[in-house]
Amino acid sequence: MLTQLTMTNVRRHALTSIDFTGDGQLISLSGSNGAGKSTVLEAILYALYGETRHGRSGISAMVRRGAEHEGMEVSLSFILDNVPYEVTRRYEKGKSTASLKVNGS
């Protein structure tokens, strides 16, 4: 189960944090065309697999315009088999790095 997504400098999202820990089991993304709904899904894909829907070659296109020198970062927290995980991926100057925390460490 996803619990938290934080995107920094990802396409239209300068800094966006989404909390998925509500009582319901259904998540809905809605908004106008170009508002960043697909970017949320692509950020989850990047966090988990280190690539976009266009593969690894599409990562540089995810960086928000004007933030090329700062780079981008995606952090995704989730629970799997009652164990909390947090994966953070950062893309900066053409290189992607990743870190994984299990049980907070």
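Preceding block: the structure.
### Thoughts on the sheet that holds strand E4 (residues 83-92)
- Across the sheet, five strands lie side by side as E2-E1-E3-E4-E5; this open sheet has antiparallel pairing. The outermost strands of the open sheet, each flanked by one partner alone, are strand E2 (13-19) and strand E5 (95-102). Across the sheet, the mean angle from the axis of one strand to that of its neighbour is 10°, orientation sign disregarded.
- Summarising the sheet, E4 and E5 pair through eight bridges and their orientation is antiparallel.

### Concerning the side chain of Ser-75
- Take Ser-75: it is sitting in strand E3 (residues 72-80).
- At a separation of 3.3 Å, a polar atom in the side chain of Ser-75 contacts the side chain of Thr-88.
- Beyond its immediate sequence surroundings of up to four residues, Ser-75 is in contact with Gln-4, Leu-5, Thr-6, Glu-86, Val-87 and Thr-88.

### Considerations on the packing of aromatic side chains
- For the structure shown, the criterion picks out one aromatic pair.
- Taking the centre distance of 5.3 Å and the plane angle of 10° together, the rings of Phe-78 and Tyr-85 count as stacked.
- The exposure class of Tyr-85 is partly exposed, given its relative accessible area of 23%.

### A look at the environment of Arg-65
- Position of Arg-65 relative to the elements: it lies in the loop between helix H1 (37-49) and E3.
- In this structure, the C-alpha to C-alpha distance between Arg-65 and Thr-6, residues 59 residues apart in sequence, is 18 Å.

### Observations concerning the pattern of salt bridges
- The full count for this structure, using the stated rule, is four salt bridges.
- Note that Glu-42 and Arg-53 form a salt bridge whose closest N and O atoms lie 3.4 Å from each other. Placement of Glu-42 in helix H1 and of Arg-53 in the loop between H1 and E3 is noted, with a sequence separation of 11 residues between them.
- Residue class for Arg-53 comes out exposed when judged on its relative accessible area of 56%.
- Taking the shortest distance from any N to any O, the salt bridge between Arg-90 and Glu-73 comes out at 3.9 Å. Here Arg-90 is found in strand E4, whereas its partner Glu-73 is found in strand E3, with 17 residues between them in sequence.
- When its relative accessible area of 25% is taken as the criterion, Arg-90 is described as partly exposed.

About the criteria used
- Residues numbered from 1 in each chain as written.
- Predicted model: local features only at pLDDT ≥ 70, side-chain atom pairs only at ≥ 80, totals over all residues.
- Heavy atoms only, no water.
- Pairing = 2+ DSSP bridges.
- Helix = DSSP H or I, 4+ residues; strand = E, 2+ residues; numbered from the N terminus.
- Axes fitted to C-alpha atoms, helices over the stretch in contact; angles between N-to-C directions.
- Polar contact = N/O pair within 3.5 Å; in protein donor to acceptor, adjacent residues only side chain to side chain.
- Contact = heavy atoms within 4.5 Å.
- Phe/Tyr/Trp six-rings, centres within 6.5 Å; stacked < 30°, edge-to-face > 60°.
- Buried < 20%, exposed > 50% of the residue type's maximum accessible area, 1.4 Å probe, protein only.
- Salt bridge = Lys/Arg side-chain N within 4 Å of Asp/Glu carboxyl O.

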